[in-house]
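Inside the fold
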Amino acid sequence: MKDEKDVSPLQMNLALTPEKVGNPVYTEPVLGNPVSTLMDSGVGNCFPGLEFDLRQLDVRFFPGLVFEFLGVTPAGPDGTQGARLVYSDPAGDPIIADHFTPDGPAWVTDLKKQFAGPAGSALGGGTWYLHFVEQDGKRIMMYDYALYQNAAGLTPYEGETVWWIIRLIEPDNPLTIGLTQRAEDGSPSGVPVVLTGQRRRFLNDEGMIDPVYHPGELTSSMCSPWTHDFRDCACHYWASNHPDVVLGEVDDPQQMLPNRTDKDDAAQAVTFIDWLRRRHDPLKDVSAQTTLPKARPDRYDPYEINLHWEQLDFVLQGQEVKETPSAAELLRLNQYESVEKMVEDLSKQLAGMELTLAMEYLYAYFSLRTPDEVTAEQEKAWPGLREDLRAARQLILSVALSEMTHLRWVNQTLWLVHKAFKDKDLGDYKPCLDAAKTVTLPGGKITEKPCVLPHPRMFLKDQIVASADCSRGFSFPQAVGSVDCL
């Protein structure tokens, strides 16, 4: 636990390094797994996160024990909240099981003896709760004091509070915990069982997750994409495997273009439909609604999802699919002839292109009026104008953010290449943050003409303007200013 002089949080999901300062050391990556599967690279690296629930790591914070964090029930505290011991399993914990011989760390050998003695026997029966944690002479009880009729009683902390206390425990430092049983009102009863050991480290020296965690354990407390619980999540916060809107599937494979869109339906490639829609006509191809209240009547309700979950199609690259595409469609890779050529292309062409596109889409975003600027008369003349503006602005902003992400990826790739190929004459790595000076257009044409955007004030307030995408040769109407594109 941190003292008053050092209250900074300690990130415990990083692997140990040979040096005090440096990147984590990882073993050979598993073929097919992206870098985001590494625990310290997970999106939203806090609970619940997007890839895993960080709280699930701490259910096994003490070797040999498995806890669960229980909150207060809707009816109020019932004495079961806090950290409840699910089961004791020292033999199934690699930290203990791998060191049954005396050659292990001294604290592991001592902990093994504790589990083999009276403490381990007591935990084998009954319901036990975490009573206190102690480190560096500081003991924190898992209870709050409550006054009732001039008498002080102990009310257990709820699970989230206990979890935060456990997050403050330092690894590689002696730790003492106490467990006790409880009376019906939640107050501790009997003599606590006391164990001494150390906090579990989540990753080993190679950066791999501790093998004590079973497959699916880190996501067991999150929404499941094939059950109804995610539909009515109060915060509308989805895991990355739950799409909100998707592109529809092409009905006739003979009409499919290489990008999996219909050659006879130009709108199919840009018409997003609700993934949770009921699968019957005419909802199949209807554009997704812009708000949750509007979308709700045409979506499966929780009961229907349990009955028709198999109708929720798999989504590949943003598009619904009912069959597995051939590997050739997904792996059309054009390999660079040399590392130097790749670095030149990334730094002189692609980085500048991504920055230019980000600025163009931001310009288009701020060129659109905000929904609040729509008057009642305009809304009456054009029903749904506010929602149309809100949807258009959101779509354009999402594209701008994507281009910013692409710029970050280009620079990340350049940084990694410079670091990995020090034997090449690549020079020192410098971030590429300049707009494109030359751009290769379709057909091999190269242009050095910059993209000049007019001042936003040139746009008329009563005009609804489209986005400017110089890479595709679009332009604004002459009445509201023009864009001189590449």
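One can find the structure itself at the top, above this paragraph.
So, here's what we can say about the structure. (Residues numbered from 1 in each chain as written. Predicted model: local features only at pLDDT ≥ 70, side-chain atom pairs only at ≥ 80, totals over all residues. Heavy atoms only, no water.)

A tally of regular secondary structure across the protein chain gives 10 helices and 14 strands. Counting the 486 residues in the protein chain, one finds 35% classified as buried. Taking the intrachain contacts of the protein chain between residues at least 6 apart in sequence as the baseline, contacts between residues at least 24 apart amount to 61%. By element, 57% of the accessible surface of the protein chain is carried by carbon and sulfur atoms, the whole surface being about 29000 Å². (Helix = DSSP H or I, 4+ residues; strand = E, 2+ residues; numbered from the N terminus. Buried < 20%, exposed > 50% of the residue type's maximum accessible area, 1.4 Å probe, protein only. Contact = heavy atoms within 4.5 Å. Areas by Shrake-Rupley, 256 points an atom, 1.4 Å probe, with all protein chains shown as cover.)

Here the focus is a negative patch on the surface. A cluster of acidic residues, Asp252, Asp264, Asp265 and Asp285, forms a negative patch at the surface. You can see Asp285 is positioned in the loop between β10 (272-274) and α5 (292-295). (Patch = residues over 30% accessible without salt bridge, like charges linked within 9 Å, V, L, I, M, F, W, Y side chains within 5 Å. Salt bridge = Lys/Arg side-chain N within 4 Å of Asp/Glu carboxyl O. Lys, Arg positive; Asp, Glu negative; His and termini not counted. Charge placed at Lys NZ, Arg CZ, Asp CG, Glu CD.)

On to the packing of helix α8 (residues 339-367) against helix α10 (residues 385-420). Viewed as axis vectors pointing N to C, α8 and α10 meet at an angle of 160 degrees, and their least axial separation amounts to 8 Å. Classified by the angle between their axes, α8 and α10 sit roughly antiparallel to one another. For α8 against α10, the interelement crossing comes out left-handed. Residue composition of the contact of α8 with α10, grouped by class: 21 nonpolar, 4 polar and 3 charged. (Axes fitted to C-alpha atoms, helices over the stretch in contact; angles between N-to-C directions. Parallel < 35°, antiparallel > 145°, perpendicular 65-115°, else oblique. Left-handed = near helix turned anticlockwise from the far one by under 90°. Nonpolar A, V, L, I, M, F, W, Y, C, P; charged D, E, K, R; others polar.)

Among the surface-exposed residues, Val245, Phe272 and Leu395 lie close enough to one another that they form a single nonpolar patch of about 250 Å² accessible area. Along the chain, Leu395 falls in helix α10. You can call Leu395 partly exposed: its relative accessible area is 48%.

A word on α10. Along its 36 residues, α10 runs 52 Å from first to last C-alpha, staying within 8% of the 52 Å computed at 1.5 Å per residue. Every buried residue of α10 is accounted for by Leu385, Leu389, Arg393, Ile396, Ala400, Glu403, Leu407, Val410, Asn411, Leu414, Val417 and His418. (Expected span 1.5 Å × (residues − 1).)

A word on unusual backbone geometry. With phi around 55 degrees, Asp136 is a residue other than glycine that occupies positive phi space. Looking at the element boundaries, Asp136 is found in the loop between β3 (129-135) and β4 (138-141). Exposure remark for Asp136: the relative accessible area of 48% places this residue in the partly exposed category. Positive phi outside glycine occurs at Asp172, with the angle close to 55 degrees. Counting through the fold element by element, Asp172 comes out in the loop between α4 (159-167) and β7 (174-182). The class of Asp172 is exposed, set by a relative accessible area of 51%.

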